[in-house]
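# Residue-level structural notes
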Amino acid sequence: MIKKLYFGQYRHRETMLHSLDPRLKIIYVLVLSILAFLSKSMNDMIVFSSFILLCVLLAKIDVKTIIKGLRSFYFIFAFLFLMYLMFSPNQLRQGLVAIWRFLMFILISMILTFTTPISGLVTAIEKLSSPLKIFGIRPRNIATTVSIAIRFIPVMFVNFERMRESMISRLADFRKMNHIKLVVSLMLHKMLKSASNLSDAMYSRLYNEGIEINKILKLKEYDYVSIVFVALFILLIY
Amino acid sequence: MIKAKNIYFRYEEKFILKNISLEIEEGSFTALIGANGSGKTTLAKHFNGLVVPDKGSVFVNGIDTKKDSLNARKNVGFVFQNFEDQMVYSVVEEDVGFGLENLEYSYDKLKSVVDETLKKLRIGHLAKVNVNALSQGQKQLVALAGVLAMNPKCIVFDEPTTNLDEKNKKNILDIIKYLNRKDKITIILVTNMLGELKYADEVIVLKSGSVIFNGKKSRLNKKIIKGAGLDD
Ligand SMILES: Nc1ncnc2c1ncn2[C@@H]1O[C@H](COP(=O)(O)OP(=O)(O)OP(=O)(O)O)[C@@H](O)[C@H]1O
Ligand SMILES: [Mg+2]
């Protein structure tokens, strides 16, 4: 059985990072990720890491959550390390920096998902993509698509699992091509059915792609403070 | 409130609804009952303009659903048979606000209506929960909250008790009754279970796409029920 049914590790807390404007957070994540890739020297990395560590503390993320979140990456870390060890042992130092950088990269995204509810992310994506309007793309459609994907991808896994279990109970063999075909076509059928149900429900609730959501995103004082803070930090590194 | 005039509807060559005329009074509680495949869901979807008739017309508060389905939908909310598929957002309070976003509520107003609605259905504690983590009974209530928040004059419930245990069945039926008696919301309850006629005043019986009975519950008799294939 699939245990983890949903994305996002958002935990509700009262911290500065939680109440920061999600648009700014997305921009910071982009900027910081670029910075992480640009910092080459050990010194840069140490300054950078302390900053990330500070953010982790500010967001009140407990170590256990981080370790759990990183679990699926250990293999990649080990792999990277082995690659350096085997092919360029004299560059081991750089290898460590590479892994370290990668770790920072993951931590940055974790801080974002930990402190921002999906709705905040979606609204921010919608707002940030509003310049696309000049190309005739409707931000609301993008945002809704993202939300629906987030909502239904886990449901799809559950459905797949249910179908697989019920087929296996009746002795299906997934090494057989026609059984694989069957499960794929059943899944497609189920998805189309859900899509049609969902669109009925959305129209019943007056879905309107033209509107702009009124979840007002207004920069507050500490949002401005944070801009100054991040800008200073960037200057500090370079 | 809702008026159907000689409606016909078909999928490909097969007529699913045949010459249906009926009227649903404002404030009434109507049960729409029929065997599986008799066309209940299809008929119900005509009431908010999701489906429009091939022949004939449906009026909601005098508005022809063929001409202005949006206004029909503002008046008539719909809680679907498959409530799994009617939630758009992953977090309960956000999903309940979906319709209000479409009505262009301001954020503060939206939030307060959502909170109020959740509280009314006694699921305030679920506000921040992921919808995929809800039980069937809770999902049903969240689906209802999303509709109720929009303050419709009429709500269609399509087989709201399927997949629920006895306690949740009773809970949702009691809520439906409350909405009708206290909030004066017109209710159309689609069902195939005779036991659920308890709260209804009016009954419409469908049999393979035709109305075979339409009137006060007290006039319903065994013969009609048997004719609709609903007796046990
Ligand atoms: N999209 C479709 N395409 C073709 N036929 C359909 C479609 N949807 C429904 N039907 C057919 O229309 C008939 C009536 O369906 P409908 O869902 O309205 O019945 P129902 O009374 O709600 O049944 P149930 O109790 O199973 O919910 C059925 O015979 C069904 O097979
Ligand atoms: Mg049905």
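Here goes a summary of the coordinates provided. One numbering rule holds for all chains: residues counted from 1, following each sequence as written. As they are written, the chains are lettered A onward and the ligands numbered 1 onward, keeping that order. Per-residue local features are limited, in this predicted model, to residues with pLDDT of at least 70; the limit for side-chain atom pairs, both in listing and counting, is 80 or more; totals at the level of whole chains, interfaces and linings are taken over all residues. Values shown for side chains rest on all heavy atoms present in the structure; no hydrogens or waters enter the calculation.

### Side note on the overall build of chain A
A tally of regular secondary structure across chain A gives ten helices and zero strands. Numbering of helices and strands starts at the N terminus; helices are DSSP runs of H or I of at least 4 residues and strands are runs of E of at least 2. Mapped from its N terminus to its C terminus, chain A presents α and β elements in the order α-α-α-α-α-α-α-α-α-α. Over its C-alpha atoms chain A spans a radius of gyration of 22 Å, topping by over 25% the 18 Å that the globule rule assigns to 238 residues. Projected onto its principal axes, the C-alpha coordinates of chain A cover approximately 60 × 50 × 35 Å. Looking at the 238 residues of chain A, the share that counts as buried comes to 39%. Per-residue and other accessible areas were derived by the Shrake-Rupley procedure at a 1.4 Å probe size, with only the shown protein chains allowed to occlude residues. As displayed, chain A offers around 14500 Å² of accessible surface, 71% of which is attributable to carbon and sulfur atoms. In this tally Asp and Glu are treated as negative and Lys and Arg as positive; neither His nor the chain ends contributes. Positions of charges follow a simple convention, taking NZ of Lys, CZ of Arg, CG of Asp or CD of Glu. Side-chain charges in chain A split into 30 positive and 13 negative, and the spacing between the mean points of these groups amounts to 6 Å. With the radius of gyration taken over C-alpha atoms, the globule rule is written as 2.2 Å times the number of residues to the power 0.38. Throughout this description, buried means an accessible area under 20% of the type-specific maximum (1.4 Å probe, protein chains only), exposed means over 50%, and partly exposed covers the range between.

### Details of the interface of chain A and chain B
A common way to state how big an interface is: give the accessible area lost once the parts meet. Every residue pair with non-hydrogen atoms within 4.5 Å of one another is taken to be in contact. Listed per partner, the contact involves 29 residues of chain A and 34 residues of chain B. Here chain A meets chain B over a buried area of about 3000 Å², counting both sides, of which 55% is carbon and sulfur. Criterion for a salt bridge: a side-chain nitrogen of Lys or Arg within 4 Å of a carboxyl oxygen of Asp or Glu. At the surface where chain A touches chain B, the tally comes to three salt bridges. Note that Arg205 of chain A is salt-bridged to Asp95 of chain B, the shortest N-O span being 3.5 Å. Taken together, the elements giving at least two residues each to the side of chain A that touches chain B come down to helix H8 (139–169) and helix H9 (177–204) of chain A. Sorting elements by how many residues they give to the side of chain A that touches chain B places H8 of chain A first, with nine residues. Each residue is assigned to one class: nonpolar for Ala, Val, Leu, Ile, Met, Phe, Trp, Tyr, Cys and Pro, charged for Asp, Glu, Lys and Arg, and polar for all the others, Gly among them. The class makeup of the residues in the side of chain A that touches chain B is 16 nonpolar, eight polar and five charged. Joining two parts hides part of their accessible area as seen by a 1.4 Å probe, and the buried area is that hidden amount summed over both.

### Points about the sheet that holds strand E5 (residues 63–64) of chain B
At least two DSSP bridges between two strands are required for those strands to pair. Taken together, the four strands give an open sheet; going across it, the order is E2-E1-E4-E5 (chain B), and neighbouring strands pair in antiparallel fashion. Pairing within the sheet leaves two strands with one partner each, and these edge strands are strand E2 (14–24) and E5 of chain B.

### Some thoughts on unusual backbone geometry
Residues and elements named next belong to chain B. With phi around 45°, Asn6 is a residue other than glycine that occupies positive phi space. You can see Asn6 is positioned in strand E1 (residues 2–11). By relative accessible area, Asn6 is classed as partly exposed at 42%. Its identity as a non-glycine residue notwithstanding, Asn163 has a phi of 70°, on the positive side. By the secondary structure assignment, Asn163 is in the loop between strand E7 (154–158) and helix H7 (166–181).

### What to know about the nonpolar core
In these notes, a set of buried Ala, Val, Leu, Ile, Met, Phe, Trp, Tyr and Cys residues joined through side-chain atoms within 4.5 Å is what counts as a nonpolar core. Among the nonpolar cores identified, the biggest contains 52 residues, and Leu144, Ile155, Phe157 and Leu179 of chain B are the most heavily contacted of them. With residues near it in sequence (within four places) discarded, Leu179 of chain B still touches Lys120, Leu144, Leu148, Ile155, Phe157, Lys184, Ile185 and Ile187 of chain B.

### Digging into the coordination of the magnesium ion (ligand 2)
Residues and elements named next belong to chain B. The rule for donors is simple: N, O or S, within 2.8 Å of the metal, or within 3.2 Å if the metal is Na, K or Ca. Water isn't counted, so a site may look like it is missing partners. The protein atoms that coordinate the magnesium ion (ligand 2) are Thr41 (OG1) and Gln81 (OE1), at distances spanning 1.8 to 2.5 Å. With Thr41 in helix H1 (residues 40–46) and Gln81 in the loop between strand E6 (76–79) and helix H3 (92–96), this residue pair connects regions lying 40 residues apart in the sequence. Residue classification places Gln81 among the partly exposed residues on the basis of a relative accessible area of 35%.

### Section: helix H6 (residues 136–148) of chain B
All names here are of chain B. Each residue after the first adds 1.5 Å to the expected span of a helix. The end-to-end C-alpha separation of H6 is 18 Å, in line with the 18 Å expected for 13 residues at 1.5 Å each. Of all 13 residues in H6, eleven are buried, a share of seventy percent or more. All buried positions along H6 are accounted for by Gly137, Lys139, Gln140, Leu141, Val142, Ala143, Leu144, Ala145, Gly146, Val147 and Leu148. Buried residues along H6 sit against E6, H3, helix H5 (107–120), E7 and H7.

### Focus on H7 of chain B
Owing to its 3.6 residues per turn, the α-helix aligns residues three or four sequence positions apart on the same side. Residue and element names in this part refer to chain B. Across its 16 residues, H7 extends 22 Å between first and last C-alpha, which sits within 8% of the 22 Å expected from 1.5 Å per residue. Buried within H7 are the following residues: Ile172, Leu173, Ile175, Ile176, Leu179 and Asn180. One side of H7 carries all its buried residues, which in axial view fall inside an arc of 155°. Within H7, the exposed residues directed more than 90 degrees away from the buried face are Glu166, Lys167 and Lys170. Looking at the buried residues of H7, the elements they touch are strand E3 (29–34), H5, H6, E7 and strand E8 (186–191). By arc we mean the arc of the directions from the helix axis to the C-beta atoms, nothing more.

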